[in-house]
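Here is how the chains run, residue by residue.
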Amino acid sequence: MNFSEFFNMGGYAFYVWTSYGIALIVLVANLLSPIYLKRKLMTDLASKARRARQQS
Amino acid sequence: MFTFFHKMASPKYFYGIAGKLIPWLGAACLITTLAGLYLGLVVAPTDYQQGDSYRIIYVHVPSAWMSLFIYMVMAIAGAIGLIWHIKLAEIISISSASIGASFTFIALVTGSIWGKPMWGTWWVWDARLTSELILLFLYLGVIALYNAVEDKRTAARATSILAIVGVVNIPIIHYSVEWWNTLHQGPTVTKFDAPSIDTSMLIPLLIMAVAFKLYYAVVLLMRARCEVLARERNTQWVKKLAGTA
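How each quantity is defined
- Residues numbered from 1 in each chain as written.
- Chains lettered and ligands numbered in written order.
- Predicted model: local features only at pLDDT ≥ 70, side-chain atom pairs only at ≥ 80, totals over all residues.
- Helix = DSSP H or I, 4+ residues; strand = E, 2+ residues; numbered from the N terminus.
- Buried ≥ 20, exposed ≤ 12 C-beta atoms within 10 Å, placed from the backbone.
- Contact = placed C-beta atoms within 7 Å.
- Rg over C-alpha atoms; globule rule 2.2 N^0.38 Å.
- Core = buried A, V, L, I, M, F, W, Y, C linked by C-beta atoms within 7 Å.
- Expected span 1.5 Å × (residues − 1).
- Axes fitted to C-alpha atoms, helices over the stretch in contact; angles between N-to-C directions.
- Parallel < 35°, antiparallel > 145°, perpendicular 65-115°, else oblique.
- Left-handed = near helix turned anticlockwise from the far one by under 90°.
- Nonpolar A, V, L, I, M, F, W, Y, C, P; charged D, E, K, R; others polar.

A separate point is the overall build of chain B. Within chain B one finds 9 helices and 0 strands. With respect to the three principal axes, the spread of C-alpha positions in chain B is 65 × 35 × 35 Å. In chain B, which comprises 245 residues, the proportion classed as buried is 36%. The long-range fraction of contacts in chain B, counting pairs at least 24 apart against all pairs at least 6 apart in sequence, stands at 76%.

With that settled, the discussion passes to the overall build of chain A. The helix and strand tally for chain A stands at 2 helices and 0 strands. The C-alpha atoms of chain A give a radius of gyration of 23 Å, which is well past the 10 Å a tight globule of 56 residues would have. Split into buried and exposed, the 56 residues of chain A put 16% on the buried side.

Counting residues in hydrophobic clusters, the biggest one holds 64 residues, and the most contacted among them are Ile56, Ile70, Met74, Tyr215 and Tyr216 of chain B. Those elements that place two or more of their residues in this core are helix 2 (13–55) of chain A together with helix 2 (11–43), helix 3 (57–84), helix 4 (87–119), helix 5 (127–148), helix 6 (152–166) and helix 8 (199–231) of chain B. Among the elements that line this core, the one with the most residues is helix 8 of chain B, at 19 residues. Not counting chain neighbours up to four residues away, the residues in contact with Tyr216 of chain B comprise Met66, Ile70 and Ile99 of chain B.

One frequent convention defines the size of an interface as the accessible area lost when the parts assemble. The partner chain A presents 24 residues to the 32 residues of chain B that form the contact. Elements with a contribution of two residues or more to the side of chain B that touches chain A: helix 3, helix 4 and helix 8 of chain B. Element by element, the count of residues in the side of chain B that touches chain A is highest for helix 4 of chain B, at 10 residues.

Take helix 2 of chain B next. Its 33 residues give helix 2 of chain B an end-to-end C-alpha distance of 44 Å, which sits within 8% of 48 Å, the value for a rise of 1.5 Å per residue. Within helix 2 of chain B the residues assigned to the buried category are Pro11, Phe14, Cys29, Gly36 and Gly40 of chain B.

Residue and element names in this part refer to chain B. Structurally, Gly16 can be placed in helix 2. Judged by local crowding, Gly16 falls into the partly exposed class, with 13 C-beta atoms found within 10 Å. Spatially, the C-alpha atoms of Gly16 and Arg225 are 8.9 Å apart, while their sequence positions differ by 209 residues.

Residue and element names in this part refer to chain B. Following both chains from N to C, one finds helix 2 and helix 8 inclined at 155 degrees, their axes separated by 7 Å at the closest point. Considering their axes alone, helix 2 and helix 8 lie roughly antiparallel with respect to each other. Considering the relative orientation of helix 2 and helix 8, their crossing is left-handed. When its residues are assigned to classes, the contact of helix 2 with helix 8 shows 25 nonpolar, 6 polar and 1 charged.

So, on to unusual backbone geometry. Positive phi is not limited to glycine here, since Met9 of chain A has a value of about 50 degrees. Within the secondary structure, Met9 of chain A sits in the loop between helix 1 (3–8) and helix 2. Despite not being glycine, His85 of chain B shows a phi value in the positive range, around 55 degrees. Note that His85 of chain B resides in the loop between helix 3 and helix 4.

These results come straight from atomic positions and should not be treated as a statement about function.
Below you can see the structure in the form of C-alpha cells.
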C-alpha cells in the first residue's frame, strides 16, 4: 500500500480525516489548558505576594 | 492502611504524587495511541460493507465509552465528596467534567461524520443520539453550575447532586439501541456473546480504549493539580511552591 492510497481511505478520506482531525484538536486543547492554567495560577500567586510585601 | 488513604486524600500529598505519575502515564498514553492508530488505520483490513469509512470507529467508539465512564467517575466521586466530605473527591469530580464533555462532543461529531456516508444523514433524533446529546448538556450544566457559585465547596456540593441525578441517563444511553428502533447499530463488543467484530479490528479498538483511559488519567491529574493549587492558595505549602513564602 502506498501513501496516497492510504491517505485516500478508499474514497472516504474527507470523513475519516475530519473525524480524526477534530478529535486531535479537542484532545490537544484539553491537554494544553491545564498547563496554561497552572502557569497563570503561579504568576498570579507571585504577583499577589509581591503586592502584599510592598504594602507592608 | 487507613493512614495511607488519609495521607493520599490530603491535597498536598496528592499534588506531589500526581506530579510524579503524570510523565509515566503520559508516556504510556503516547505509546498506546501510536500503536492503536497504526494497527487501526494501517494494519486492520478494510470492512467488506463500509469500506474504509469504518475506521472512524477507532475514535468514535472509545470516545463514546469514555463519555459514559467519565460520567460515572464524576458522579461516584461527587457522591463520595458529599458523604464523607473529602475535598479530593470533589476535586476529582469537577475536574472530570470538562474532559467528559470533550469526549461526548467527539463521540457526537465523529458519529455525525460517520453517519453521513453510511446512513445518508448527519443527524437523526433517535434514542441513542438524543440521549448522548443530553449527556453533553449534563456535563455542560455541571461546568456552568460550578462556575456560577463563588464558594467552591458549596459549588461542589451542588454539582455532585446534579451529577448523581444525571446518572439515570447512563443506562438509557447504553440500552437505547435495544429498547428503541434506531439507525444506530446495536452493541458489537459490550454484550454477553462473543464480540461480533473480527479480532484484527477488535484489537486496535481495545488498544485505543486503553489509550483514551490513560489520556483521561493524565488530564484529570493535571486539572486536579490546578484545582488543588487554586483552593489551597492561602496555605503555606502552596506559597512555598510559588516561591513567595
